[in-house]
Amino acid sequence: MKKLSTLTLSSVLFVLVFFGTSPIVQAQNPPDLREQYLTPPDEIAEEVLAPRYKNITLYDLSPNREYFLNTTQNRSLSPLSAFAKPYYNLGGLQFNPGANRSRYFTTGSTSGLELIGSRNGDASDIETPDDALVSSASWSPDGTKLAYFAHFNDATHLYVANLENGRSRQVTRRPVLATMNTSFEWSADGQYIFTVLVPDDRGNEPQEPATPTSLQVKMTTDKENRLRTYQDLLGGKFEAELLQYHVTGQLARINVENRRVREIGEPAMIRDIDPDPNGEYIIVEKMTEPFSYIVPVYSFATVEEIWDLDGNMLVELGNSEINKGVSGYEEDENYGRRDVKWRPDGEGLSLLAKAGEGMKATRDNDDDKDADDDSDSDDEETEEEEDEKTMDRVIQWLPPFGEEDMNVIYETEDEMESVSYSSDTNILFIEEEGSNEEHLYAVFLDNPEETHTIYKHKDDDFYKDPGSLMTMAGDMGISVVHLTPDQNNVFLSGTQYYENYEENAPRPFIDKVDIRSGEKERIFQSREDMYEDVRAILDDSATEIVISRESPQMHPDSWLVNLDSGNEIQLTSNVDYNSAVTQAQRERFKVKRADGFEFWVEVTLPRDWDGTPLPGIIWHYPSEYDDQEDYDEDVREYNKNDFPGVYHRSMDILVKRGYAVIDADWPISAEMGDPNDGFVWSIVQNSTAVIDSTAKRGYIDRERMAIGGHSYGAFGTANAMIHTSFFKAGIAGDGNYNRTLTPLGFQREPRDLWRGLERYVQMTPIFWADRMDGALLMYHGAADQNVGTWPTHSRRMFHALNGIGKTAAMYMYPHEAHGPAAEETILDLWTRWVQWMDHYVKDKGEHIPEAELGSE
């Protein structure tokens, strides 16, 4: 069973386990194969652990627009000890049972909170518990308070901070249940918070019988079922019981001032909650039985209901059956209701529905109509019914949400995609999506017969995108359209792209649009030589805005800009902690394959590169394209003004070891058929074009090259080392090496194994492992639950390579998923990568290690 992680990992081979202080390892030859966590050279470690967490990004603006919320950290990466805390993995749902919360809250939460003044950049701390991590901070609708989860070692509690003094206090006596539902919600008046608590009468956790009393039974579906190859599924009846126990929680309303709790309804398997602004009704989404052994938890059946404060179910909004992957399967039953949400004025629900669908709706102006009036002829009634069936309607649904509680607010013959509201709900903003066209228009409810077009836009007219309607927090905490004080104008924010994207960088903009005339005024646009992205508008007239500004030489910082006066105030003073890498030499150019297909390559070189050809590595991720046009459309958003940020796994860090790092697009295409018909051919031609072009420019020594990639990039790496002889070494992370283990498709592959047998065989590295040229380093998270890349792939590939005398190593990391995250893991990986590259690429493997790499 997939129970506690300590049990799951006890049988993992090649697990690097070390108890004590990590030794510092200098570059050496051959690679160090000790089964313990190692630390890379200082020049690498200082880039990986650089305190980037000290920099501030402004994005979470308070409803009163006075502050931005910033989460603070005290370290770059979470420690392995956080990932090693016991957790369950039940059908892909991972949580720490002892603390009743999602595992992510244990491994990915922050250490503190602070407020940043929106007009001066001044910082002030929010008091948080010393012995807890924090997450999920949320403003009260009036912006005077801040609620957040505090994650202690054995429980999660809700805290509320008063922004006047920054002090916090605990408002939950009973722990929060955050295993499946991981959020909470404010009422509009800020008096209450709705959340899910651990039930009072929960009882003891189910215990697995020493002798099995049941077995897992599966039966095929009636139709073809092209399910993906899910790694983490429920293992049987006991795991189903365990899941039900740990996700069943008590919905509750908590009084923020006196901490009184009002329990709402009976405990249930609650996935999501959405209370109305007045705090009197709640939309509750529940997971329902039966469970499934062939799909993960997130595909289980659900039902969405409206409850009152006594827990009475007033109406079912919709439901979905288990998504078993059957072709043609209709996932949701919404009874004809679309875009269902609470109105921003607190007056019930807003929804879209066709006439005759959902529940019967009545018009506001039909109240005085005599229900017994039968003066119309039968023919007239028939015509009216047929007309009604063609109409699409905006409906207000009032409590208690019965059939007679629906009022038609607006109707049109065209189908609407969504509706948004002004703060007073007197103006509707309706989006329609027709054949290759998007239409946004406004309707003033005092004159609903007249519509006012904000824009019409062809879907394929990429370079004339009008932007999106800007919104703001309404008085009751629900998003509303941002209008000028006179309600005559709205704002659109978007990005202007250019056909010559190498010369002209994308330029974000704000347009002010007159609702009635449609006239536009561009009130802001990014400079040509910088990328300036709008983060917030601080006043109704959009006179003051906050932007983020960056360029290839300028680390992103936030600025307050007054659009009337032109005055600017710098709000943040971020630091480029990785300048040795971000300011390295970079060259970008196109290469052409033998078939004429062109794609882009970027080469990063050491800051002090003197022109001598360097050993290099290509870091890549294969992407399928139908043709050149398909690829060209995909790269139109290239931004030459981007700052080249560095993160803990940025391969550009290798420039500090004297390598050229090549970030190459890796198009997979075929002249005829589907892209994967040309997979191997594309791998060979991409490799040839990139190496020929970079060597010709003098950047690389083509005799000292490596290739690497993560996930599908690992798959590409193995194929490149098999089908070409360019590479002395490869680095492959969390990869798939046997496509027959994903027999129903992968990536964009449309055919299953039996209809595309030749293609699957040709693309599968393990079938051609005897042709591998070069030394392959594989790393894999022992808890990888990504579809198609479970750890057995690396184990079996290593077994094959070891058996046929190839050079390879495998590093299996405990507690890691699809992408290494713990500090100890990341540092060890860099140690292995550097040693592998130095020995097999820089030194051409002249001193082949005699030590065995291990065996199964």
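What you are looking at is a predicted structure, and each value in this text was computed from that prediction instead of being measured.

## A word on the sheet that holds strand β5 (residues 101–102)
- The strand order β3-β4-β5 describes an open sheet built from three strands, whose pairing is antiparallel. In this open sheet, the two strands that pair with only one neighbour each are β3 (88–90) and β5.
- In this sheet, β5 lies alongside strand β4 (residues 93–96) in antiparallel orientation, the contact comprising two bridges. Directly across from N96, in β5, lies its bridge partner R101.
- Running over the sheet, helix α5 (residues 237–247) touches β3 and β4 and is turned about 110° from β3.

## A word on the environment of R586
- Structurally, the position occupied by R586 is in strand β40 (residues 585–592).
- Using a relative accessible area of 23% as the deciding quantity, one classes R586 as partly exposed.
- Between the alpha carbons of R586 and E602 there is a distance of 6.9 Å; along the sequence they are 16 residues apart.
- Aside from chain neighbours lying at most four places away, what touches R586 is V581, E602, V603, T604, P644 and D652.
- Side-chain polar atoms of R586 contact the backbone oxygen of V581, separated by 3.3 Å.
- Only 3.0 Å separates the side chain of R586 from the side chain of D652, close enough to count as a polar contact.

## Some words on the pairing of strand β41 (residues 598–605)
- In terms of burial, β41 is largely enclosed, as six of its eight residues are buried.
- In this sheet, β41 lies alongside β40 in antiparallel orientation, the contact comprising eight bridges. The residue of β41 that forms the bridge with Q585 is L605.
- The hairpin turn running from β40 into β41, its antiparallel successor, is five residues long, and G596 in that turn takes a positive phi close to 90°.

## Side note on unusual backbone geometry
- Put simply, E289 and P290 share a cis peptide bond, and its omega is 5°.
- Note on placement: P290 falls in the loop between β17 (281–287) and β18 (302–308).
- For the bond running from P399 to P400, omega is 5°, close enough to zero to count as cis.
- If you trace the backbone, P400 turns up in the loop between β24 (392–397) and β25 (406–412).
- Within the chain, R65 stands out as a residue other than glycine whose phi angle is a positive 65°.
- Take R65: it is sitting in the loop between β1 (60–61) and β2 (67–72).

## Overview of a negative patch on the surface
- Among the surface-exposed residues, E417, E433, D459, D460, D627, E629, E633, D634 and E637 lie close enough to one another that they form a single negatively charged patch.
- It is helix α8 (residues 628–634) that contributes the most residues to the negative patch, three residues altogether.
- Within the element layout of this structure, E629 appears in helix α8.

## As for the confidence of the model for the protein chain
- Mean pLDDT over the protein chain stands at 91; residues scoring 70 or higher make up 91%.
- The model gives residues 360–388 a pLDDT under 50, and that stretch makes 19 contacts with residues more than four places away or in other chains.
- Low pLDDT, under 50, characterises residues 848–856; the predicted model gives this stretch 24 contacts beyond four residues in sequence or across chains.

## Thoughts on the pattern of salt bridges
- In this structure the tally under the stated criterion is 42 salt bridges.
- R549 is paired through a salt bridge with E568; the nearest N and O atoms lie 3.0 Å apart. Placement of the pair is R549 in strand β37 (residues 544–551) and E568 in strand β39 (residues 568–570), with a sequence separation of 19 residues.
- Residue E568 is classed as partly exposed on the basis of its relative accessible area, which comes to 34%.
- Across the pair D652 and R586 runs a salt bridge whose closest N-O atoms are separated by 3.0 Å. Taken together, the positions of D652 in the loop between α8 and β44 (660–664) and R586 in strand β40 put the pair 66 residues apart, joining distant regions of the chain.
- D652 gets classed as buried once you look at its relative accessible area, which sits at 18%.
- In the salt-bridge network here, residues are joined through shared partners; they are D674, D677, E749, R751 and R759.

## Examining the packing of aromatic side chains
- Summed over the entire model, instances satisfying the criterion amount to 27 aromatic pairs.
- Here the aromatic residues Y281, W342, W397 and F401 are joined through ring pairs into a cluster of three or more.
- Directly above the aromatic system of W559 lies the positively charged group of R549, at a separation of 4.8 Å from the ring centroid.
- Across the ring face of F589, the terminal group of R697 is positioned such that the distance to the ring centre comes to 3.8 Å.

## Some points on the sheet that holds strand β10 (residues 156–162)
- In space, the four strands of this open sheet follow the order β8-β9-β10-β11, with antiparallel pairing throughout. Across the chains shown, the open sheet's two edge strands, defined by having one partner strand only, are β8 (133–139) and β11 (168–170). Going across the sheet, the axis of each strand differs from the next one's by a mean of 30°, ignoring polarity.
- Bridge count for β8 against strand β9 (residues 145–151) is five bridges, and the pairing is antiparallel. For L133, the partnering residue across the bridge sits in β9 and is H151.

## Brief notes about the pairing of strand β42 (residues 614–619)
- Of all six residues in β42, six are buried; the element is thus mostly enclosed.
- Where β42 meets strand β46 (residues 700–710), five bridges bridge the pair, whose relative direction is parallel. Residue pairing in the sheet places G616 in a bridge with M705 of β46.
- The sheet contact formed by β42 and β44 spans four bridges and is parallel. Among the inter-strand pairings, I617 is bridged to a residue of β44, identified as V661.

## Regarding the nonpolar core
- Counting residues in hydrophobic clusters, the biggest one holds 56 residues, and the most contacted among them are V601, I618, I662 and F727.
- For this core, the leading source of residues is helix α10 (residues 712–723), giving seven residues.
- Setting aside chain neighbours within four positions, we find F727 in contact with I618, S687, I691, M705, A706, I707, A720, M721, D773 and G774.
- Within the second largest apolar cluster, 38 residues are counted, among which are L80, V581, Y840 and V841.

## Some points on α10
- Helix length check: α10, at 12 residues, gives a terminal C-alpha distance of 16 Å against a target of 16 Å (1.5 Å per residue), a fit within 8%.
- α10 sits mainly inside the fold: 11 of its 12 residues count as buried.
- Where α10 is buried, its residues touch β43 (622–624), α9 (679–696), β46, β47 (729–733), α11 (757–763) and β48 (775–781).

## With respect to helix α12 (residues 792–803)
- Helix length check: α12, at 12 residues, gives a terminal C-alpha distance of 16 Å against a target of 16 Å (1.5 Å per residue), a fit within 8%.
- Within α12 the residues assigned to the buried category are H793, S794, R795, M797, F798 and L801.
- Buried residues in α12 make contact with β48 and β49 (808–813).
- Just past α12, the residue G805 takes up positive phi, approximately 80°.

## So, the side chain of H151
- Looking at where H151 falls in the secondary structure, it is placed in strand β9.
- A relative accessible area of 4% means that H151 is categorised as buried.
- In terms of polar contacts, H151 uses its side chain to reach the side chain of S135, at 2.7 Å.

Rules behind the numbers
Residues numbered from 1 in each chain as written. Predicted model: local features only at pLDDT ≥ 70, side-chain atom pairs only at ≥ 80, totals over all residues. Heavy atoms only, no water. Pairing = 2+ DSSP bridges. Helix = DSSP H or I, 4+ residues; strand = E, 2+ residues; numbered from the N terminus. Contact = heavy atoms within 4.5 Å. Axes fitted to C-alpha atoms, helices over the stretch in contact; angles between N-to-C directions. Buried < 20%, exposed > 50% of the residue type's maximum accessible area, 1.4 Å probe, protein only. Polar contact = N/O pair within 3.5 Å; in protein donor to acceptor, adjacent residues only side chain to side chain. Patch = residues over 30% accessible without salt bridge, like charges linked within 9 Å, V, L, I, M, F, W, Y side chains within 5 Å. Areas by Shrake-Rupley, 256 points an atom, 1.4 Å probe, with all protein chains shown as cover. Salt bridge = Lys/Arg side-chain N within 4 Å of Asp/Glu carboxyl O. Lys, Arg positive; Asp, Glu negative; His and termini not counted. Charge placed at Lys NZ, Arg CZ, Asp CG, Glu CD. pLDDT = per-residue confidence, 0-100. Phe/Tyr/Trp six-rings, centres within 6.5 Å; stacked < 30°, edge-to-face > 60°. Lys NZ or Arg CZ within 6 Å of the ring centre and 35° of its normal. Core = buried A, V, L, I, M, F, W, Y, C linked by side-chain atoms within 4.5 Å. Expected span 1.5 Å × (residues − 1).

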